[in-house]
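# Observations on chain architecture
The lines below spell out each chain.
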Amino acid sequence: MPWTLEQMCRLAAAELKDGYYVNLGIGMPTEVANYIPDGVSVTLQSENGMLGMGPFPSENEVDADLINAGKQTISELPESVYFDSAESFAMIRGGHIDMSILGALQVAGNGDLANWMIPGKMVKGMGGAMDLVAGVKRVVVLMEHNAKDGSAKLVKSCSLPLTGKAVVDLVITDLGVFEIDQKGMKLIEKAPDISVDEIKKRTEAPFTH
Amino acid sequence: MSKKVYPNAKAALDGLLSDGMMIMAGGFGLCAIPENLILALRDSGVKNLTVVSNNCGVDDFGLGILLQTRQIKKMISSYVGENATFAKQFLDGELELEFNPQGTLAERCRAGGAGIPAFFTKTGVGTVVAEGKETREFNGEAYIMETALVAELSIVKAWKGDKNGNLVYRRTARNFNPPMATAGRVTIAEVEELVEVGQLDPNHIHTPGIYVNRIIQGARYEKRIERRTVRK
């Protein structure tokens, strides 16, 4: 059985270590914050200028001056810190953030990542994704194993415009967990009752296991 | 020094505008955008603008207002996904667009204000962002050269400011405002509360007034929320 979204988020959350500074991408990666294991304390960075991002606010805490990178209202914690965008990306580009968890359109076997643009569709922009994958120490991708049309998202070579070259360290899909290093991609964990053969059928990139 | 203080947004823009100029506008999404100065830019009728701003507002608020009146010729941004007018004008070929990675955009402004004409970054190496740019290796890693941005005019928004132009921002409403305040040949700040010199704690000034040429207290703040999200 493929993992559920919640199980995928728990797997991603298990990658977080106590004391980490972490940036979570927009969408499913944001949900990972709800599954951080007990005893693990991490500081969430929001690239619009905040460390120590709190949960969504209660009705009476909503503040137009307090949003996350997805433009959602959020709340403040006792340890929160604010700074400007240049400072924010100095800590990202400068390698001070321990981990980033991002969504993806395609990941290649060598760690190339495409997650910002589909040619022919309206281009929205890369936001901070290129800076994050270039600067953050460990990049984890959280995504469905296949696209809605069934095509592979773990590919030999990305056909979509890249966000970064050889930047992904770990991919968590609903079928398995894949580690990527200079030797290539390796399946290190798979969802219950899913065979390696089935994963191979639904994956274009070569992988070891 | 109180000659920096202007009575309103229209007066603060007086003598500074010309068609085809480059303007930087602070804010992230709709958070901490210079609402009053954007409205005054619309009313001025200045056109063919190149606007440097992380986003382009929404259809009926923020910089989106200047799209409706077709006053913007080109945007330099990192993300413009919230605006249908933008999509239409871009797809119709009426609007030029230059995407910068968000950190590169912020650093281009910071560098512009700090007198650094260009810098090398690993952001965008091996992507379309690197096309046509000089690549150089440092310590065995590839970096691309990005150039600084200096605008003819920067418009920023702060929470409090004093009559010398010293600014304090609130929470995540700081974002692009401080680097952009440094990178305008002329910078105008609008604030929610304009106070006398000495009333802001000098230890807590975010933007020193040296960067700010003109300051106004905004007449009105809507401070619209783009994605109101609350705890269940």
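## What about the overall build of chain A?
When helices and strands are tallied, chain A shows five helices and 12 strands. Expected size for 209 residues packed as a compact globule is a radius of gyration near 17 Å; at 17 Å, chain A falls within 12% of this value. Viewed in the frame of its principal axes, chain A has a C-alpha envelope of about 50 × 40 × 30 Å. Buried positions account for 58% of the 209 residues belonging to chain A. Partitioning the intrachain contacts of chain A with sequence separation of at least 6 by distance along the chain shows that 60% fall at a separation of at least 24. With an accessible surface of roughly 8900 Å², chain A has 50% of that area assigned to carbon and sulfur atoms. Distance from the positive charge centre (18 side chains) to the negative charge centre (28 side chains) of chain A: 11 Å.

## What about the interface of chain A and chain B?
Between chain A and chain B, the contact holds 47 residues from the first and 49 residues from the second. Overall, the association of chain A and chain B removes approximately 4100 Å² of surface from exposure, summing both partners, and the carbon and sulfur fraction of that is 60%. On the surface where chain A and chain B come into contact, there are eight salt bridges. Between Arg170(B) and Asp65(A) there is a salt bridge, with its nearest N and O atoms 2.7 Å apart. Where chain A meets chain B, there are 28 residue pairs in polar contact (both at pLDDT 80 or more). Those elements giving two or more residues to the side of chain A that touches chain B turn out to be strand 4 (76-82), helix 3 (85-93) and helix 4 (129-135) of chain A. A class-by-class count of the residues in the side of chain A that touches chain B yields 20 nonpolar, 15 polar and 12 charged.

## Examining the pattern of salt bridges
Per the stated rule, a full pass over the model turns up 28 salt bridges over all chains. Look at the salt bridges and you will find they share partners, linking Asp63(A), Asp65(A), Glu76(A), Lys157(B), Arg170(B), Arg171(B), Glu192(B) and Lys223(B) into a network.

## Remarks on the sheet that holds strand 6 (residues 135-138) of chain B
All names here are of chain B. Read from one edge of the open sheet, three strands run 5-7-6, paired in antiparallel fashion. Each of the sheet's edge strands pairs with one partner strand only, and the pair in question is strand 5 (118-121) and strand 6. Averaged over neighbouring strand pairs, the angle between their axes works out to 40 degrees when direction is ignored. Note: strand 6 against strand 7 (residues 141-147), four bridges, orientation antiparallel. Note that in strand 7 the partner of Glu137 across the bridge is Ala142. On top of the sheet, helix 5 (residues 102-114) reaches strand 5 and strand 7; it is set at about 150 degrees to strand 5, its chief contact.

## Examining the nonpolar core
Formed by 57 residues in total, the largest nonpolar core has its most connected members in Val32(A), Ile101(A), Val107(A), Leu113(A), Val171(A) and Ile172(A). The element that contributes the greatest number of residues to this core is helix 1 (residues 5-13) of chain A, accounting for five residues. Residues in contact with Ile101(A), not counting those within four places in the same chain, are Ala12(A), Leu16(A), Asn23(A), Leu24(A), Gly25(A), Pro29(A), Val32(A), Val140(A) and Leu142(A). Counting 41 residues, the second-largest nonpolar core is a separate cluster that includes Ala9(B), Ala25(B), Cys56(B) and Val58(B).

## Concerning the packing of aromatic side chains
All names here are of chain B. Overall, the coordinates contain four aromatic pairs over all chains when judged by the stated rule. With a centroid separation of 5.2 Å and an interplanar angle of 65 degrees, the aromatic rings of Phe120 and Phe138 are classed as edge-to-face. In this pair, Phe120 sits in strand 5 while Phe138 sits in strand 6, placing the two residues 18 residues apart along the sequence. Residue classification places Phe120 among the partly exposed positions, given a relative accessible area of 25%. Given a relative accessible area of 32%, Phe138 falls into the partly exposed group.

## Concerning the pairing of strand 1 (residues 21-24) of chain A
Here three bridges tie strand 1 of chain A to strand 2 (residues 43-46) of chain A, and the two strands are oriented parallel to one another. Each residue of the ladder has a partner; that of Asn23(A), found in strand 2 of chain A, is Gln45(A).

## Digging into the environment of Leu200(B)
All names here are of chain B. Take Leu200: it is sitting in the loop between strand 10 (184-195) and strand 11 (214-217). By relative accessible area, Leu200 is classed as buried at 10%. When the C-alpha atoms of Leu200 and Gly161 are compared, they prove to be 7.8 Å apart, with 39 residues separating the residues in sequence. If we ignore the near neighbours within four places in the chain, the residues touching Leu200 are Lys160, Gly161, Asp162, Asn166, Val168, Val195 and Ile205.

## Looking at the side chain of Glu82(B)
Mapped onto the fold, Glu82(B) is located in the loop between strand 3 (72-77) and helix 4 (84-91). A polar contact is formed between the side chain of Glu82(B) and the side chain of Arg227(B), at a distance of 3.0 Å. Setting aside chain neighbours within four positions, we find Glu82(B) in contact with Lys71(A), Gly57(B), Val58(B), Asp59(B), Glu226(B) and Arg227(B).

## So, helix 3 of chain A
Residues and elements named next belong to chain A. Of all nine residues making up helix 3, seven are buried, and the element is well covered by its neighbours. Of the residues that open helix 3, the one with a side-chain oxygen 2.8 Å from the backbone nitrogen of Ala86 is Asp84. Note on helix 3: the residue one or two positions beyond its end, Gly95, has a positive phi of about 80 degrees.

Analysis parameters
- Residues numbered from 1 in each chain as written.
- Chains lettered and ligands numbered in written order.
- Predicted model: local features only at pLDDT ≥ 70, side-chain atom pairs only at ≥ 80, totals over all residues.
- Heavy atoms only, no water.
- Helix = DSSP H or I, 4+ residues; strand = E, 2+ residues; numbered from the N terminus.
- Rg over C-alpha atoms; globule rule 2.2 N^0.38 Å.
- Buried < 20%, exposed > 50% of the residue type's maximum accessible area, 1.4 Å probe, protein only.
- Contact = heavy atoms within 4.5 Å.
- Areas by Shrake-Rupley, 256 points an atom, 1.4 Å probe, with all protein chains shown as cover.
- Lys, Arg positive; Asp, Glu negative; His and termini not counted.
- Charge placed at Lys NZ, Arg CZ, Asp CG, Glu CD.
- Buried area = accessible area lost by both parts, 1.4 Å probe.
- Salt bridge = Lys/Arg side-chain N within 4 Å of Asp/Glu carboxyl O.
- Polar contact = N/O pair within 3.5 Å; in protein donor to acceptor, adjacent residues only side chain to side chain.
- Nonpolar A, V, L, I, M, F, W, Y, C, P; charged D, E, K, R; others polar.
- Pairing = 2+ DSSP bridges.
- Axes fitted to C-alpha atoms, helices over the stretch in contact; angles between N-to-C directions.
- Core = buried A, V, L, I, M, F, W, Y, C linked by side-chain atoms within 4.5 Å.
- Phe/Tyr/Trp six-rings, centres within 6.5 Å; stacked < 30°, edge-to-face > 60°.

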